[in-house]
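Chain and residue survey
Here is how the chains run, residue by residue.
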Amino acid sequence: MDDSESPAPTNRYPASDEWHAVDRYFASTLLEEDGVLTEARRSGAVTTMPNAEVAANQGAFLSLLVKIADAERVLEFGTLAGYSTIWFARAVGENGHVVTLEIEPDNAAVAESNFRTAGVADRIETIIGPAAESAAQLMSDCVEPFDLVFIDADKPNNPVYLAAALDLTRPGSVIVIDNVVRDGAVVDSDSADPRVHGVRRVVEEIVANPELEATALQTVGEKGWDGLIIAFRR
Ligand code: SAM
């Protein structure tokens, strides 16, 4: 497997002690990362991409977005150990539904074990396979539209996932795309990194789509320097 979905390298501006300290401060005050989430995070170590899950404050942010948007149906591209998925499953509530797409069966197995431990397995559907194909199947099954989509799989395919998200949502839905700053590499139009091009192409497509209203937020913290796009479907 190539590393096309791996997080941005953090060698240019290594996460400082201060960034970690601030993450720890908020994680220990504002957030609700309980033992189940802590264990889910730790279990990422046995997946194909250790340490690639969102940070606790980002998980809490995604959870708040679900609640602010009153979302009951969430679609996620890229499950890993299911850390972000658990935040989503808790946020949608017991009548909500989360579909998460993962290419690696071993990662999906780790995630499903975490879902059972978290007591949310009944509201999560994990679909194993290339996310583009799984999303195409959801489209041909004419599933109910999703209220929020989180794109966090292989970055070169971001434009494919955005197109699928547009097919699988409705006006008023929210689309979030992770890892769009990549240590600042996003501004380099000559980058040889296909992940950077995946981000830049998705930005172009958002700009060209009058249905979408979007912004991007840079983040620093224990995951280094990165950020996310938040798009609202008018
Ligand atoms: N969303 C997770 C979280 O925050 O806890 C992290 C996801 S991790 C950054 C990316 C995941 O996408 C990995 O588990 C990887 O195996 C998966 N992935 C990579 N390419 C994929 C593809 N083509 N289809 C589906 N999943 C893919």
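Look a little higher up for the structure.
First things first, this report covers the structure right here in the doc.

Here is what the cut-offs are and how they apply
- Residues numbered from 1 in each chain as written.
- Predicted model: local features only at pLDDT ≥ 70, side-chain atom pairs only at ≥ 80, totals over all residues.
- Heavy atoms only, no water.
- Salt bridge = Lys/Arg side-chain N within 4 Å of Asp/Glu carboxyl O.
- Helix = DSSP H or I, 4+ residues; strand = E, 2+ residues; numbered from the N terminus.
- Buried < 20%, exposed > 50% of the residue type's maximum accessible area, 1.4 Å probe, protein only.
- Core = buried A, V, L, I, M, F, W, Y, C linked by side-chain atoms within 4.5 Å.
- Contact = heavy atoms within 4.5 Å.

Some words on the pattern of salt bridges
- In the structure shown here, the tally under the stated rule is ten salt bridges.
- Residue D147 is joined to R170 by a salt bridge in which the shortest nitrogen-to-oxygen separation is 2.8 Å. Taken together, the positions of D147 in strand β4 (residues 146-151) and R170 in strand β5 (residues 169-178) put the pair 23 residues apart, joining distant regions of the chain.
- Its relative accessible area of 28% is what places R170 among the partly exposed residues.
- Note that K155 and D152 form a salt bridge whose closest N and O atoms lie 2.9 Å from each other.
- By relative accessible area, which is 0% here, K155 ends up buried.
- Among the charged side chains, a salt-bridge network with shared partners connects E33, R41, E53 and K223.

Thoughts on unusual backbone geometry
- Positioned with a positive phi, C142 is a non-glycine residue whose angle comes to about 50°.
- Within the secondary structure, C142 is located in the loop between α6 (131-140) and β4.
- At N179, a residue that is not glycine, the phi angle is positive and equals roughly 60°.
- If you trace the backbone, N179 turns up in the loop between β5 and α8 (194-208).

Remarks on the nonpolar core
- Core analysis: the biggest nonpolar cluster contains 30 residues, and V66, V74, Y83, F88, V98, L148 and V176 have the highest contact counts within it.
- Of all the elements in the fold, those that place two or more residues in this core are α2 (35-43), α3 (56-68), α4 (83-92), α5 (105-118), β4, β5 and β7 (224-233).
- With seven residues, the top contributor of residues to this core is α4.
- Setting aside anything within four residues of it in sequence, one finds F88 in contact with L62, V66, V74, E76, V98, L148 and F150.
- Core analysis: the next-biggest nonpolar cluster, separate from the first, contains 28 residues, A135, I175, V180 and I206 among them.

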